[in-house]
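# Architecture and fold: a report
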Amino acid sequence: MSPFFYVVPFFFVLITLEFVLARRRGLEIYRLQDTVTSINTGIVSQAVNVLGAGVSVYMYSLMVDAFGLFSWDASNLWLWVIGLVLYDFCYYWVHRTGHEVNLFWAAHVIHHSSEDFNLATALRQSATGFWFKWVFYAPLAVLGVPLKMFIVLGLIDLLYQYWVHTQLVGRMGVLERFMVTPSNHRVHHGQNDYCIDRNYGGIFSVWDKMFGTYADEREDEKVVYGVRKPLRSWDPVWGNIHHYVLIARLVRGASSWRERLVHVFGKPRGPVLLAAVEEKPFNPEEFVPFATPAPRFMQVIGVCSTLLGAVALMTFYWLLPGLGLGQSLLYMAAMLAFFSFIGQLWLHPRVTGAARQ
Ligand SMILES: [Zn+2]
Ligand SMILES: [Zn+2]
């Protein structure tokens, strides 16, 4: 059974708690469409990664069997601590290339596509990163970190990152020096000039300090969340593939192989971004978040889609051991089609009663 089977209800409880606490403080940090899209994107990601994780696990097991140099004693707590530090170091590079190489940004951009920042944003995870991320953990495989340990370390690193997606926790004193905290992760999600390509760490911020990618949150400039080339959609499936589509279009329109390679492996803020948007100094005060009209019945449909999707995901986890590959792919495809439909419905002028934005 996937460990996420047990944590999904926990996520819902914490999101509700954050929503209530924020309200009490007079903060409006949740917008319904964005929240539903974030959670639905999380469900889509999990539905795909039920099989996608299999790819990572399989590739890692091949690497560790072929190249593993040392044997690790899983009963030694210190080896777990060392393993976690090493895992987080590899994660830093996965994450950094996810921002600085266009093809990998295509997988990661979905996590940054929310223009809000809350515990639901944390669930807006990629459904497509599984095809390459395992490569970055090759050093762990060479050191012989066993597969089970690798999986548990990955879960610890991922789950730690959940709680840092909040605006309710301020700066955390001495922890800011070496840990990833809500404050420095807010900077990571910012699109202000000083936030771009900063704070890639998963658990530890020491890597950012070592490699010059760290920035502290500023008090004189409010962080504006999201990306410079906004998604402007509520469709989780489109959110996951739109940047791949853009790269494909750019590659098709390129006139030389050098240009094609730059579109695929160059910086996202290089030719691709410049080709797509006008670059000008960023003014946080001018920013208007993406929103479409949401009549009451659409709000109800959105919330119901999330609840239904959560039940469908839990059922998927439950049924998975008895499903064949074809049945699993069909189940997954049905979930993707459902969430894409809901997202598109929210954008449709006839449904929203407004022109498409
Ligand atoms: Zn990121
Ligand atoms: Zn994040």
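Provided above is the structure to which this section pertains.
## Section: the environment of G266
Mapped onto the secondary structure, G266 falls in the loop between helix 10 (257-265) and helix 11 (268-276). Overall, the relative accessible area of 14% leaves G266 in the buried class. Put simply, G266 and N102 are 164 residues apart on the chain and 5.7 Å apart in space, counted from C-alpha to C-alpha. Filtering out sequence-adjacent residues up to four positions away, G266 remains in contact with E100, V101, N102 and L261.

## Some thoughts on a nonpolar patch on the surface
Taken together, the side chains of F67, L69, F70 and V142 present a nonpolar region at the surface, about 420 Å² in accessible area. Under the relative-accessibility criterion, F70 is labelled exposed at 52%.

## Remarks on the nonpolar core
I15, I43, Y162, L313 and M335 are the most contacted members of the largest nonpolar core, which has 29 residues in total. Elements represented by at least two residues in this core include exactly helix 1 (4-24), helix 2 (32-67), helix 12 (296-319) and helix 13 (325-345). Ignoring any residue separated from it by four or fewer positions in sequence, one finds M335 in contact with I43, A47, G309, A312, L313 and F316.

## A few points about the side chain of T128
Position of T128 relative to the elements: it lies in the loop between helix 4 (102-112) and helix 5 (138-142). The exposure class of T128 is buried, given its relative accessible area of 15%. Among the polar contacts listed, one links the side chain of T128 to the side chain of Y244, at a separation of 2.9 Å. Excluding its chain neighbours within four sequence positions, the residues that come into contact with T128 are A107, N240 and Y244.

## Here we look at the pattern of salt bridges
Applying the stated criterion across every chain, the model contains ten salt bridges. Among the salt bridges present, the one from D34 reaches R31, with a minimum N-O distance of 3.8 Å. What makes D34 buried here is its relative accessible area of 3%. Across the pair D197 and K267 runs a salt bridge whose closest N-O atoms are separated by 3.9 Å. Here the residue D197 occupies a position in the loop between helix 7 (182-188) and helix 8 (206-211), and K267 occupies one in the loop between helix 10 and helix 11, the gap between them amounting to 70 residues. Given a relative accessible area of 18%, D197 falls into the buried group. Looking at K267, the relative accessible area reads 45%, which means it is partly exposed.

Calculation criteria
- Residues numbered from 1 in each chain as written.
- Chains lettered and ligands numbered in written order.
- Predicted model: local features only at pLDDT ≥ 70, side-chain atom pairs only at ≥ 80, totals over all residues.
- Heavy atoms only, no water.
- Helix = DSSP H or I, 4+ residues; strand = E, 2+ residues; numbered from the N terminus.
- Buried < 20%, exposed > 50% of the residue type's maximum accessible area, 1.4 Å probe, protein only.
- Contact = heavy atoms within 4.5 Å.
- Patch = residues over 30% accessible without salt bridge, like charges linked within 9 Å, V, L, I, M, F, W, Y side chains within 5 Å.
- Areas by Shrake-Rupley, 256 points an atom, 1.4 Å probe, with all protein chains shown as cover.
- Salt bridge = Lys/Arg side-chain N within 4 Å of Asp/Glu carboxyl O.
- Core = buried A, V, L, I, M, F, W, Y, C linked by side-chain atoms within 4.5 Å.
- Polar contact = N/O pair within 3.5 Å; in protein donor to acceptor, adjacent residues only side chain to side chain.

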